[in-house]
There are 2 protein chains.
Amino acid sequence: MSRPRHDSRRLGVSIPMAAAPAAAPTHAPVSSSSACRAGIFSSGTSFPNFRSAAASVPGWRRREPYPAVSVVVGSAQSAPGAVAVDTEVDTLLDSVKWDNKGLAVAIAQNVDTGAILMQGFANKEALAKTISTRKATFFSRSRSSLWTKGETSMNFINVHDIFLDCDRDSIIYLGKPDGPTCHTGAETCYYTSVYDALQSSKPNEGRQVMTTLYSLEDTISRRQEEIVTEGGGKPSWTKKLLLDNQLLCSKIREEAGELIQTLLENEDQSRAASEMADLLYHAMVLLRVKDVKMEEVLEVLRKRFSQSGIEEKASRNKS
Amino acid sequence: MSRPRHDSRRLGVSIPMAAAPAAAPTHAPVSSSSACRAGIFSSGTSFPNFRSAAASVPGWRRREPYPAVSVVVGSAQSAPGAVAVDTEVDTLLDSVKWDNKGLAVAIAQNVDTGAILMQGFANKEALAKTISTRKATFFSRSRSSLWTKGETSMNFINVHDIFLDCDRDSIIYLGKPDGPTCHTGAETCYYTSVYDALQSSKPNEGRQVMTTLYSLEDTISRRQEEIVTEGGGKPSWTKKLLLDNQLLCSKIREEAGELIQTLLENEDQSRAASEMADLLYHAMVLLRVKDVKMEEVLEVLRKRFSQSGIEEKASRNKS
């Protein structure tokens, strides 16, 4: 069977989604046109160009380019009033229910894994700067200044979309981190489980917050680290799979067949969910053997979806 | 080929993980023994029993039952000082960096999908009550009282684990919601995209914050809703798959084979990620045809993992 090697043309769904932001500097020079439109500058600062940032990074469901809006954000040291924005952005910033200190909670979340990376606070300037630069930016309450996550570590959080909650006083920066988010080097700042801490008298840190898929991945990973000794009892099923490629491959083939069977034989929904769980688990064991993370797989899917029209190409290839 | 129907014995990994909390009432009666140990009661209130809640709900990596600790939490109207806790919980509660109003940010996240459901604030009582009852509980700043999400709607968030961030001033309640979290009926409170809002002059609400896997699921779902008309152009690849079970099944089989090939032929990691992406996408199209959500699949995986020792059973079955 021929195996096409042009992946970008294979999977294809034509809906564009959040592409990785361009690797622009945090303070991108503003174009003269948008500078003119913005009207107010803080002298001596550099200005991100909202127009280009917004236009180049469509969201999942976006079919049209973003409207031409520009934001001029003052430097971290600028005084209040240094934010100058177009009407649309201004209206949006005003719609946020800033607290009596001018702040709202801002949560950074990994667009691929869903991991909550960190939580800080944003003021109007921080949100405006995040909108324009696509780098997650917060207001440091201790330093009373803006700070863009990554400005020191270079581990920026590249923002793909921003969401407000129903009360408009809480913000999600949905983005892709360039590296570990926590100052400790951990992937996320949340690595202290309360129940672990209660179980142990000594501080029990180091277990990242993980949702089901990544807990499963972590479990498989720890199985791989286990040492199988003679007389040490039977290895776990996962370990057996990790040690036997032929067994693993036959299981993946079998589970794919059983998932298919739920469709062809009109089996019930719980059967389909169960067979998909089997397939996903066994495929993830293979990923572990190949040293590939689910996050990489999701990144592949996200990037494919950002290519408009590839579904049609794939369709032509297949028909 | 025989198809074992005892799913709970098939996949098995022996590491216990967060099981669904027991459907205990928010205010579970305290046992006399823990009541004695707690020492302080607020008269007229009922008391959750931390000991039983903690012991019955192990976390992902937990191998031993939780230590015997009890928490007595006052009612929402109780005065400060009505919280009486055992030493371990007291120490933990004291380790949180409560702000000058005694609050910390508390974020509720779906344990299976990773969706950020809502964000509120917790005070010491709210966290203590969440630890003990396993129902996400917050402090309402507007009402100056505790509130357990779901106490009116019955859409509780059943907490599987709780995480603190590196600064100990931010909390994640990792849990499973009984239903929509937002008071509007939306699954999460975050359904306003900033970039959508900037694109449209009218309020553009209704697009939930979604990470890659769920955006893909949503895209597939919208493809299913598309109406294919004669002369209306070629249907999308996803639509073709949705309409043709034989094509879909042959693709799933093919993609499973190609994933396997990356292992057997020692292909590179990017190839493995790419083939896994293909398999996942096509399998998710099948789930759409069967009207099964990825969240259900992940719930199956989570529940399987909560059964200690099933891996060994599976191993015996397979060998």
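Along each chain, residue indices are assigned from 1 in the same order as the chain's sequence is written. As they are written, the chains are lettered A onward and the ligands numbered 1 onward, keeping that order. Given that this is a predicted model, residues contribute local features only at a pLDDT of at least 70 and side-chain atom pairs are listed and counted only at 80 or more, while totals for whole chains, interfaces and linings are drawn from all residues. With hydrogens and water stripped out, all remaining heavy atoms of the structure feed into the side-chain values.

## Observations concerning the relation of the copies chain B and chain A
In superposing the copies, a least-squares fit is computed on C-alpha atoms, taking residues whose pLDDT is at least 70 in both. For these two chains of identical sequence, chain B goes onto chain A by a turn of 180 degrees and a shift of 0.0 Å along the axis, with RMSD 0.0 Å. As the rotation angle and translation indicate, the two copies are arranged about a two-fold axis. Closest approach to the rotation axis among the C-alpha atoms of chain B is made by glycine 114 of chain B, whose C-alpha sits 2.5 Å away. A shared interface surface links the copies, since 99% of the contact residues of chain B are contact residues in chain A too. Contact definition: two residues touch when any of their heavy atoms are within 4.5 Å.

## Re the sheet that holds strand S8 (residues 170-177) of chain B
Strands qualify as paired when DSSP identifies two bridges or more between them. Here a strand is any run of E in DSSP of at least two residues, a helix any run of H or I of at least four, and the numbering for each starts at the N terminus. Read from one edge of the open sheet, 5 strands run S9(A)-S7(B)-S8(B)-S3(B)-S4(B), paired in mixed fashion. Strand pairing shows two members of the sheet lacking a second neighbour, strand S9 (190-193) of chain A together with strand S4 (116-122) of chain B, which therefore form its edges. The average undirected angle you get between the axes of adjacent strands in this sheet is 35 degrees. Orientation is described by axes fitted as lines to C-alpha atoms, over the contacting stretch for helices, and by angles from 0 to 180 degrees between their N-to-C directions.

## Thoughts on the environment of glutamine 109 of chain A
Checked against the element boundaries, glutamine 109 of chain A lands in strand S3 (residues 104-110). Relative accessible area serves as the criterion here: at 1%, glutamine 109 of chain A is assigned to the buried category. We call a residue buried when its accessible area falls under 20% of the maximum for its residue type, exposed when it is over 50%, and partly exposed in between, using a 1.4 Å probe and counting protein chains only.

## Things to note about the sheet that holds strand S4 (residues 116-122) of chain A
Spatial strand order, S4(A)-S3(A)-S8(A)-S7(A)-S9(B): 5 strands in an open sheet with mixed pairing. Since the sheet does not close on itself, it has two edges, and those belong to S4 of chain A together with strand S9 (190-193) of chain B, each with one partner. On average, adjacent strands in this sheet sit at an angle of 35 degrees to one another, irrespective of strand direction. Pairing of S3 of chain A with strand S8 (residues 170-177) of chain A involves 6 bridges; the strand directions are parallel. Its bridge partner being in S8 of chain A, glutamine 109 of chain A is matched across the sheet by leucine 174 of chain A.

## Observations regarding the pattern of salt bridges
Salt bridge, as used here, is a side-chain nitrogen of Lys or Arg placed within 4 Å of a carboxyl oxygen of Asp or Glu. Scanning all chains against the criterion turns up 32 salt bridges over all chains. Note that glutamate 299 of chain A and lysine 176 of chain A form a salt bridge whose closest N and O atoms lie 3.4 Å from each other. With glutamate 299 of chain A in helix H10 (residues 294-305) and lysine 176 of chain A in strand S8, this residue pair connects regions lying 123 residues apart in the sequence. For glutamate 299 of chain A, a relative accessible area of 23% puts it in the partly exposed group. The exposure class of lysine 176 of chain A is buried, given its relative accessible area of 11%. Here glutamate 226 of chain B and arginine 223 of chain B are joined by a salt bridge, their closest N and O atoms 2.2 Å apart. Look at glutamate 226 of chain B and you get partly exposed, because its relative accessible area is 32%. Overlapping salt bridges, with partners in common, bring together Asp112, Lys176, Glu295, Glu299, Arg302 and Lys303 of chain A in one network.

## With respect to the nonpolar core
Nonpolar side chains tend to gather and get buried jointly when the protein is soluble and globular. Ranked by internal contacts, the top residues of the largest apolar core, which has 90 residues, are Ile131, Ile171 and Tyr173 of chain A together with Ile131, Ile171 and Tyr173 of chain B. The nonpolar core is taken to be a set of buried Ala, Val, Leu, Ile, Met, Phe, Trp, Tyr and Cys residues, with the residues joined through side-chain atoms within 4.5 Å. In this structure, Ile220, Ile252, Ala256 and Leu279 of chain B belong to the second largest nonpolar core, which totals 66 residues.

## Some words on the packing of H10 of chain A against helix H6 (residues 212-225) of chain B
Between H10 of chain A and H6 of chain B, whose axes approach to 9 Å, the crossing angle comes to 45 degrees. What the angle tells us is that H10 of chain A and H6 of chain B run oblique. The hand of the H10 of chain A/H6 of chain B crossing is left-handed. On H6 of chain B, the residues touching Leu298, Leu301, Arg302 and Phe305 of chain A of H10 of chain A are Thr212, Leu213, Leu216 and Thr219 of chain B. Roughly parallel here means an angle under 35 degrees, roughly antiparallel means over 145, roughly perpendicular means 65 to 115, and every remaining angle is called oblique. In a left-handed crossing the near helix is turned counterclockwise from the far helix by less than a right angle, and in a right-handed crossing that turn is clockwise.

## A short note on the state of the cysteines
Here, the term disulfide refers to a pair of cysteine sulfur atoms separated by no more than 2.5 Å. Across all of its chains, the model carries 0 disulfides over all chains by this definition. Not engaged in a disulfide, the cysteine cysteine 166 of chain A finds its nearest cysteine sulfur in cysteine 182 of chain B; these two sulfurs lie 3.6 Å apart.

## Overview of the confidence of the model for chain A
A low pLDDT means the predicted coordinates there should not be read in detail. Residues and elements named next belong to chain A. Residue-level confidence of the predictor is what pLDDT reports, using numbers from 0 through 100. Considering every residue of chain A, the mean pLDDT works out to 76; 67% of them sit at 70 or more. Per-residue pLDDT stays below 50 along residues 1-84; that stretch engages in 214 contacts with residues further than four places along the chain or on separate chains. pLDDT under 50 marks residues 307-313. Its contacts with residues more than four places away, or in other chains, come to 20 contacts. Interface confidence in the predicted complex, given as ipTM, is 0.76; pTM for the same model is 0.76.

## Remarks on the interface of chain B and chain A
With 140 residues of chain B at the contact, the number on the chain A side is 142 residues. Buried area adds together the accessible area that both of two parts lose upon being put together, with accessible area traced by a 1.4 Å probe. Carbon and sulfur atoms make up 62% of the surface buried where chain B meets chain A, a total of about 12400 Å² over both sides. At the junction of chain B with chain A, the criterion picks out 6 salt bridges. Salt-bridge contacts for aspartate 169 of chain A lead to arginine 141 of chain B; the nearest nitrogen and oxygen are separated by 4.0 Å. Identification of polar contacts relies on pairs of N or O atoms within 3.5 Å, with a donor-acceptor requirement for protein atoms, meaning one able to donate a hydrogen and the other able to accept it, and with residues adjacent in sequence counted only if both atoms are side-chain atoms. Here chain B is connected to chain A by 36 residue pairs in polar contact (both at pLDDT 80 or more). Classes in brief: Ala, Val, Leu, Ile, Met, Phe, Trp, Tyr, Cys and Pro nonpolar; Asp, Glu, Lys and Arg charged; the others, Gly included, polar. Of the residues that constitute the side of chain B that touches chain A, the class distribution is 66 nonpolar, 31 polar and 43 charged. With 3 bridges joining them, S9 of chain A and strand S7 (residues 157-165) of chain B adopt antiparallel strand pairing. Bridge pairing links serine 193 of chain A to phenylalanine 163 of chain B in S7 of chain B.

## Focus on unusual backbone geometry
Residue and element names in this part refer to chain A. One non-glycine residue, methionine 154, lies in positive phi territory at about 70 degrees. Relative to the helices and strands, methionine 154 resides in the loop between strand S6 (145-148) and strand S7 (157-165). Phi at asparagine 266 takes a positive value of approximately 55 degrees, unusual for a residue other than glycine. Relative to the assigned elements, asparagine 266 resides in the loop between helix H8 (245-264) and helix H9 (269-289).

## Side note on helix H4 (residues 124-133) of chain A
With 9 of its 10 residues buried, H4 of chain A lies for the most part within the structure. A positive phi of about 65 degrees marks arginine 134 of chain A, the residue just after H4 of chain A.

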